[in-house]
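Architecture and fold: a report
Given next are the chains, with one letter for each unit.
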Amino acid sequence: DLSPLLLRVRRKGSTAVDVCQVLTESLRVIEQATSRREEDTLTEAMMLYISEMLESPALSNQIVAEHFHMSESAFSHAFKKRTGSTFVKYVTDLKIQRAKSLLICTEQSVEAIADRLNYASASSFARMFKAETSLTPTQYRRLRESAESV
């Protein structure tokens, strides 16, 4: 907010130095806001790209970093700083959310969902799902089906 800065300039007795300081501070505030918007836009673009690639076997930290013209290290650091989550945790969370949706909205088997989300096996998918939700995929589906029928 630039209002307090502009009020300083309007005061009687403001000198050219005062005006210069206010302009300098105003530029700093504007640059910070612009930088935050650019970071937000980049973060949103990263998250959208990951979501779009979620079912691709090619999805990896390296592929996303290359897409955004960054080194893996720079991407990992920037992603963690901007989202508060590591790339792997973010992808895992997205996959679990997608799996929940597929379990509820389709009749696909657990094996088909595991394959669609590029898990090595249905058992590794079920382990990950249970670790994140405290339920197996089958238990989750049954629980949701019984909740809908009430």
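See above for the structure.
Residues numbered from 1 in each chain as written. Predicted model: local features only at pLDDT ≥ 70, side-chain atom pairs only at ≥ 80, totals over all residues. Heavy atoms only, no water.

**Some thoughts on the packing of aromatic side chains**
The cut-off we apply is this: The rule is short: rings of Phe, Tyr and Trp, with Trp giving its six-membered ring, pair when the centres are within 6.5 Å, and they are stacked under 30 degrees, edge-to-face over 60, tilted in between. The helix and strand labels rest on DSSP assignments: H or I over at least four residues marks a helix, E over at least two residues marks a strand, and numbering proceeds from the N terminus. Exposure categories follow from relative accessible area, calculated using a 1.4 Å probe and restricted to protein chains: below 20% of the type maximum is buried, above 50% is exposed, and the middle band is partly exposed. The rule for a charge over a ring is simple: NZ of Lys or CZ of Arg within 6 Å of the ring centre, and within 35 degrees of the ring normal.
A full pass over the atoms with the stated rule returns eight aromatic pairs. Centroid distance Phe79 to Tyr90: 5.2 Å. Interplanar angle 70°. Geometry classified as edge-to-face. Placement of Phe79 in helix H4 (residues 72–83) and of Tyr90 in helix H5 (residues 87–105) is noted, with a sequence separation of eleven residues between them. Here Phe79 and Tyr90 have matching classes, each one buried. Ring geometry for Tyr119 versus Phe125: centroids 5.2 Å apart, planes at 50°, classification tilted. Pairwise contacts between aromatic rings join Phe75, Phe79, Phe87 and Tyr90 into one cluster. Between Lys95 and the ring centre of Tyr119, over which it is positioned, the NZ or CZ distance is 5.1 Å.

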